[in-house]
Every structure is written in C-alpha cells, then in structure tokens.
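# Structural characterization, general
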Amino acid sequence: MSIGIHSQISAAVYENEGESQRVKRRDERRKALLGVRGLRKRHGDRLLFDIDRLEIATHSAYVLTGMNGAGKSTLLRVLGGLERAEIDSLRFAGEDVLRVHPYPRALRRAIVYVHQHPILFSTSVADNIGYGLVVRGEKPETVRPVVAEAMAWAGVAHLRDTDPTRLSGGEKQRVALARAKVLEPRLLLLDEPTANLDGAAREQVIALIPTMIEAGSSVIIACHDRDLINLPGVQRLKLRDGHLEHR
Ligand SMILES: Nc1ncnc2c1ncn2[C@@H]1O[C@H](COP(=O)(O)OP(=O)(O)OP(=O)(O)O)[C@@H](O)[C@H]1O
C-alpha cells in the first residue's frame, strides 16, 4: 500500500517535473526567433563559411564581427533571402521552415535587410519610406501617418519632399532605417550602418538602433564600429575562419 502511495506521489512529482520541463522548453522555443543548423556558403570551390548553428532570440541585439572578407555581409544577405546557401534546417518564430529556396514569403515579410549603401528611388524621401507598405497593399491613409512618424523618428521630416539622390550619406542611412522600421520586421539585418559616416551623422544612426530594438525587432548588425559593438545589452557573434563564434 505504502509503496503504492509512494509511487503515486513519485509519479505526481515526475509528472510535475515533466510539466515544468515542458513549459520551460516551450518558453525557450518562444524566445527563440531564428535557429539555423548547418549553414554553408560556397563560391565555386571556396567554402566561405560552415556554420554549425546560429541562434537569434526575440527582442535581442547582436553584432556580427570578423575580418574584412570573413563573410559578414554574405551571411546577412543569406538570412535576408538575397543570396542562396546550403541550409540543413531553419526554424523561425517557432515554426520549422521546410523549404528555404525559393525564400518563403513569411520570412520576406519578417526579415528586412538594410544595405550599407542604401539604394533609394529618385522620388521623395516620404515615398521611399512608405514604399514597402504600399507594396504590401496598405492604403494611402494608413501609410501617411506611419511615414510621418518614421520621418520624425529618423530626424528627416524636414527632407520629406527632397530627392533622395541629394541626401548626405548619414541622411540616406536614416531614411533606409525608417523605410525598414515601418515594416515592423521581427528581424532587422543592418550591414555596416555606420561605415563611411563620422561625427554627428554616425552618432545619429547609432542612436536610432536601440529604439528599433525597443520597438520589438531583433537586430543583427554587421560592423567594425567599436561604439556599436559596445552598445549595452548587445550580444556578440564573430565569423572567424569560416566558423561562427557566439561570444
Ligand atoms: N559572387 C561572388 N563570387 C565569388 N566570391 C565572392 C562573391 N561575393 C562575395 N565573394 C567573396 O566572399 C568573401 C566575403 O565577402 P563579404 O562581403 O561577405 O565579407 P565581409 O565580412 O562583409 O567583408 P567586409 O568587412 O570587408 O565588408 C569575400 O572574399 C568576397 O570577395
């Protein structure tokens, strides 16, 4: 009898432990935004990188460092669906992505890549920022206030009707960040956002990045910029000799 009670209690304890493990695993899965296993990129015979695993959590910031030519831009471009690579498995927002090629629509919607030298259409700053929303089929009356808010956020409201080809490098980068922000990406990929900027232009761009994370995006920033690498709360990834180190 006592053995029976004991085993019942044990079973209950084990069941509870099992339940708490399950809850823990579920919470961990929820926290994980992107999980990639076996990510290889080749250019002809050259294996540029062979990454065992890449884990990106929700609402988190990472810097991706590495020597010139290590493959930082390439890795961001692969994650953003702009280049192909071999990928053994990919999980995004709790779902297994069974086919990575062609790049799935859901990922295209959730992951936004911002180029080091953003290409802007020769229309107006406002049109550039709203472009992605228009392509998504949003109505002009929905787009207008979102664009106005994003322009104020990026400090480019005074440039709203300016032809983007006339903007400085820093202004272009801020417009590109605003264009990405209005899409509310789950994951934002920033390719050397402060390269070729100095002084106030560089500081203005750096100041925008934490506010994008506060707004709910995870961010991976490929860079060599010490001030970005040392932003508080930023986790470090390093591409070295074709492998990815989580630091
Ligand atoms: N289409 C291509 N064919 C062959 N090699 C390529 C191609 N595209 C890129 N590479 C090479 O892949 C390597 C990685 O380039 P990538 O731009 O990703 O490096 P990076 O780490 O971002 O460098 P940097 O810090 O200088 O920007 C470089 O050696 C580059 O020459």
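The structure displayed is predicted, hence computed values, not measured ones.

### Notes on the site of the ligand
For the ligand, the full set of nearby residues is His43, Leu48, Gly66, Asn68, Gly69, Ala70, Gly71, Lys72, Ser73 and Thr74. If one sorts the elements of the shell around the ligand by residue count, helix H2 (residues 72-79) sits on top with three residues. Tallied by class, residues from the shell around the ligand come to two nonpolar, seven polar and one charged.

### Re the sheet that holds strand E5 (residues 95-97)
If you trace the four strands from one edge of the open sheet to the other, you get E2-E1-E4-E5, paired in antiparallel fashion. Edge positions in the sheet fall to strand E2 (46-57) and E5, since each of these pairs with one other strand and no more. Within the sheet, the average angular offset between the axes of one strand and its neighbour, ignoring direction, is 15 degrees. Sheet topology note: the strand E1 (residues 32-43)/strand E4 (residues 86-92) ladder contains six bridges and is antiparallel. Counted as the bridge partner of arginine 40 is glutamate 86 from E4.

### What to know about the sheet that holds strand E7 (residues 187-191)
With mixed pairing, six strands are arranged side by side in an open sheet as E6-E7-E8-E3-E9-E10. Both edges of this open sheet fall to strand E6 (111-114) and strand E10 (243-246), since each of them pairs with a single strand only. Mean inter-strand twist for the sheet, computed between neighbouring axes without regard to direction, equals 20 degrees. Pairing of strand E9 (residues 234-240) with E10 involves four bridges; the strand directions are antiparallel. Among the inter-strand pairings, leucine 239 is bridged to a residue of E10, identified as leucine 244.

### Concerning the pairing of E7
Within E7, five of the five residues are buried, which leaves it mostly tucked inside the rest of the structure. When E6 meets E7, the two strands line up parallel, connected through four bridges. Opposite tyrosine 113, over in E7, you have leucine 189 as the bridge partner. Direction of pairing for E7 relative to strand E8 (residues 218-222): parallel, over a ladder of five bridges. Looking at the pairing, leucine 190 lines up with isoleucine 221 of E8. Between the parallel pair E7 and E8, the chain is carried across by helix H7 (residues 199-214), and the sense of this crossover is right-handed.

### Overview of the nonpolar core
In this structure, Leu64, Val114, Ile129, Met151, Ala178, Leu189 and Ile221 are the most contacted members of the largest nonpolar core, which totals 58 residues. The contacts of methionine 151, once residues within four sequence positions are left out, are Val125, Ala126, Ile129, Val156, Ala157, Arg160 and Ala178.

### Notes on the packing of helix H5 (residues 140-154) against helix H6 (residues 169-181)
Where H5 meets H6, the axes come as close as 9 Å, and the angle between the chain directions of the two elements is 140 degrees. Here H5 lies oblique to H6, going by the angle between them. Crossing hand, H5 versus H6: right-handed. Counted together, Ala150, Met151, Trp153 and Ala154 of H5 and Arg174, Val175, Leu177, Ala178 and Lys181 of H6 form the full contact between these two elements. Broken down by class, the residue content of the contact of H5 with H6 amounts to seven nonpolar, no polar and two charged.

### Notes on H2
Residues separated by three or four positions in an α-helix point in the same direction, a consequence of the helix having 3.6 residues per turn. For H2, the tally of buried residues reaches six of eight residues, placing the bulk of the element in the interior. The set of residues buried in H2 consists of Lys72, Leu75, Leu76, Arg77, Val78 and Leu79. Looking at the residues trailing H2, positive phi occurs at glycine 81, about 80 degrees.

### Thoughts on the UniProt feature "domain: ABC transporter" (unreviewed entry) in the protein
Under the present numbering, the feature "domain: ABC transporter" (unreviewed entry) in UniProt falls on residues 34-247. Span residues 34-247 is 34% helix and 29% strand, its end C-alpha atoms 17 Å apart.

What counts and what doesn't
- Residues numbered from 1 in each chain as written.
- Predicted model: local features only at pLDDT ≥ 70, side-chain atom pairs only at ≥ 80, totals over all residues.
- Near = placed C-beta within 6 Å.
- Helix = DSSP H or I, 4+ residues; strand = E, 2+ residues; numbered from the N terminus.
- Nonpolar A, V, L, I, M, F, W, Y, C, P; charged D, E, K, R; others polar.
- Pairing = 2+ DSSP bridges.
- Axes fitted to C-alpha atoms, helices over the stretch in contact; angles between N-to-C directions.
- Buried ≥ 20, exposed ≤ 12 C-beta atoms within 10 Å, placed from the backbone.
- Right-handed = clockwise from strand over helix to strand, strands pointing away.
- Core = buried A, V, L, I, M, F, W, Y, C linked by C-beta atoms within 7 Å.
- Contact = placed C-beta atoms within 7 Å.
- Parallel < 35°, antiparallel > 145°, perpendicular 65-115°, else oblique.
- Left-handed = near helix turned anticlockwise from the far one by under 90°.
- UniProt positions renumbered as here; feature names shortened; annotations may be inferred.

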